[in-house]
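Secondary and tertiary structure notes
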Amino acid sequence: MEFSTLGSSGVSVSRICLGSMTWGLQNNQQDANQQIEHALQQGINFIDTAEMYAVPPSPDTYGKTETIIGNWLGKNPNRRKEIILASKIAGPGLDWVRNGGPITGQAVVQAVDASLKRLQTDYIDLFQLHWPNRTSPHFGKQWPNQFKFSDVDATDQSAQMLDILRGLQHCIDAGKIRFCGLSDDTTWGINTYLKLSKQYDLPRMVSIQNEFNLLHTKDWPYLIENCVHEEIAYLPWSPLAGGMLSGKYLNGARPQGSRWTLTQRNGLLRDTKTAEQAIAACAELAKQYSLTPAQLALAWCNQVDGVTSTIIGATNMEQLKENIQAFSNPLSVQALSDIDSLLKRYPAPF
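We now turn to the structure provided with this report. (Residues numbered from 1 in each chain as written. Predicted model: local features only at pLDDT ≥ 70, side-chain atom pairs only at ≥ 80, totals over all residues. Heavy atoms only, no water.)

1. Overview of the overall build of the protein
Helix and strand content of the protein: ten helices and ten strands. Expressed along its principal axes, the backbone C-alpha trace of the protein runs to roughly 55 × 50 × 35 Å. Across the 350 residues that make up the protein, the buried fraction comes to 55%. In the protein, 78% of the contacts between residues at least 6 apart in sequence involve partners at least 24 apart. In the form shown here, the protein has an accessible surface area of approximately 15200 Å², with 49% of it arising from carbon and sulfur atoms. Between the centroid of the 30 positive side chains of the protein and the centroid of its 33 negative side chains there is a distance of 3 Å. (Helix = DSSP H or I, 4+ residues; strand = E, 2+ residues; numbered from the N terminus. Buried < 20%, exposed > 50% of the residue type's maximum accessible area, 1.4 Å probe, protein only. Contact = heavy atoms within 4.5 Å. Areas by Shrake-Rupley, 256 points an atom, 1.4 Å probe, with all protein chains shown as cover. Lys, Arg positive; Asp, Glu negative; His and termini not counted. Charge placed at Lys NZ, Arg CZ, Asp CG, Glu CD.)

Rendered as C-alpha cells:
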C-alpha cells in the first residue's frame, strides 16, 4: 500500500480511503465488519464517514453508518490507533438534521459530540464540513448561471466561516478532533478559510473532498493547483461517478440492490446520453488493457497529479477487492494518452 501526507497535517494516509456511505442501507453490520477487516489487511488506514450517512439520506438512515463503525470500534478498541477516521457535519437543507440549519460554531460542537457517541471513540482524526452554507457548484450545479455568485454576501459568509473555525478550535482544544477539512467547496472557500485561520490563529483546513472522476473533472486544474501549493489534501469522492464507470448501468441496466434502484435526493442527475456514450468508450478502452472499467477509472484517478487519497466504496466484497486491486496496476503512458483522448471527446458528460 502506498501512502501520502494529509495536507499540512503531517499525518500519513493510505492512497485508498475506504468510503462507508452504503453501510446502514445497502450494507449491514456484518458487511461493514468484513470490509473494514479486509481494508486493514490490505494496508488501508483511512476510513471516511459522515453524520448524514447512510445514503440516500433520510431521517431513518441518519447516523446509521457512524453507529455501525462505532459497533466495530466498540468490539475492537485496541485497533482504533490503526485507523485515520474521518467524519463530516452536514450542511444546511436537511430538515431532520438540526432543523435544516446552517453550520455554525455551536453546531460543530454539537455534531462532534454526537458523532463521537455513535462512533464509540474519544476523537475523530479529520472532521469535515460536508458542504458549505452558501450554494456551491456541486451536485450538478456546475453549469454557468445556475445560480449567481454575485448574490452571495461574502462578508456574511466570511463571518460564518470564522464562527465555524472557532467551533472547530473548541473541539481541537478539547481533544475531540485532531484536524479539520472541507467537502464540496471551492477555491474561494479554501482560501477564505486559510486567510481567516492565519488572521485569527485558528485551525487550518488540511483537506477537501470533492466529486472527481473520468466524467467529472471540473476541479482540474484550478482547484487542484490551489490544493497542491497550499498543502490541502485533495480527496476525490465518487471516483466511479456513483457506480456508473463500472459499466453496470449501461443500456438501462439496474442491477438488483444497486444505488440507482433507490430513490435519489437529487434524482439521477448523472444519467445522460452523453455519459452513456462516454462510459461505453471507457469500458471498451479498459478491455484493451485487460482491466475492468472500474479499475481503469480508479487507476486513472490515483495517477492524477495532486490527488492524495481516493475514496472508494463497495456494496460487496467482490467489488471491494476489484477496486483495491486497481491501485496496484499503474496505467501505462499509452493508456493515459488514450484516456486523454476520451476526455477531450467527452469533457463534461453530465
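2. Some remarks on the nonpolar core
One finds Val108, Phe127, Leu168, Leu245 and Trp300 to be the most contacted residues of the largest nonpolar core, which totals 87 residues. Residues in contact with Leu168, not counting those within four places in the same chain, are Val108, Phe127, Ile177, Cys180, Pro203 and Met205. Counting 14 residues, the second-largest nonpolar core is a separate cluster that includes Phe46, Ala86, Val206 and Leu235. (Core = buried A, V, L, I, M, F, W, Y, C linked by side-chain atoms within 4.5 Å.)

3. Some points on the sheet that holds strand E5 (residues 84-89)
Reading across from one edge, E9-E8-E7-E6-E5-E4-E3-E10 is the order of the eight strands in this open sheet, with parallel pairing throughout. Where the open sheet ends on each side, the last strands, each with one partner, are strand E9 (233-237) and strand E10 (310-312). Adjacent strand axes in the sheet meet at a mean angle of 30° when their direction is disregarded. Across five bridges, strand E8 (residues 205-211) lies against E9 in parallel orientation. From the neighbouring strand, Ile208 faces E9, where its bridge partner is Tyr234. (Pairing = 2+ DSSP bridges. Axes fitted to C-alpha atoms, helices over the stretch in contact; angles between N-to-C directions.)

4. What to know about the layout of surface pockets
Estimates place the volume of the second largest pocket at around 360 Å³. Along its surface, the second largest pocket is lined by 22 residues, and Pro137, Phe147, Phe149, Thr186 and Thr187 are the ones closest to its centre. For the lining of the second largest pocket, the residue count by class is ten nonpolar, seven polar and five charged. (1 Å grid on protein atoms, 1.4 Å probe; cavity = no way out; pocket = protein on both sides within 12 Å on 5 of 7 lines; lining within 4 Å. Points joined across faces, edges and corners; volume = space filled by probe spheres on them. Nonpolar A, V, L, I, M, F, W, Y, C, P; charged D, E, K, R; others polar.)

5. Side note on the packing of aromatic side chains
For the coordinates displayed, the defined rule picks out five aromatic pairs. Geometrically, the ring pair formed by Phe147 and Phe149 is edge-to-face, given 5.1 Å between the ring centres and 75° between the ring planes. Given a relative accessible area of 18%, Phe147 falls into the buried group. Here Tyr249 and Trp260 contribute two aromatic rings whose centre-to-centre distance is 4.1 Å and whose plane-to-plane angle is 5°, an arrangement assigned as stacked. Taken together, the residues span a long stretch of sequence, with Tyr249 in the loop between E9 and helix H7 (273-288) and Trp260 in the loop between E9 and H7 at a distance of eleven residues. An aromatic cluster of at least three residues, connected via ring pairs, comprises Phe212, Tyr234 and Trp300. In this structure, Arg80 packs its charged tip against the face of Tyr123, placed 4.0 Å from the ring centre. (Phe/Tyr/Trp six-rings, centres within 6.5 Å; stacked < 30°, edge-to-face > 60°. Lys NZ or Arg CZ within 6 Å of the ring centre and 35° of its normal.)

6. Description of the pattern of salt bridges
Applying the stated criterion to the full structure yields 14 salt bridges. Asp48 is paired through a salt bridge with Lys88; the nearest N and O atoms lie 2.6 Å apart. Placement of Asp48 in strand E4 (residues 46-48) and of Lys88 in strand E5 is noted, with a sequence separation of 40 residues between them. Taking relative accessible area as the criterion, Lys88 reaches 0% and is therefore assigned buried. Because the salt bridges share partners, they merge into one network encompassing Glu37, Arg79 and Glu82. (Salt bridge = Lys/Arg side-chain N within 4 Å of Asp/Glu carboxyl O.)

Remember, this is a structural readout, not a statement about activity or role.
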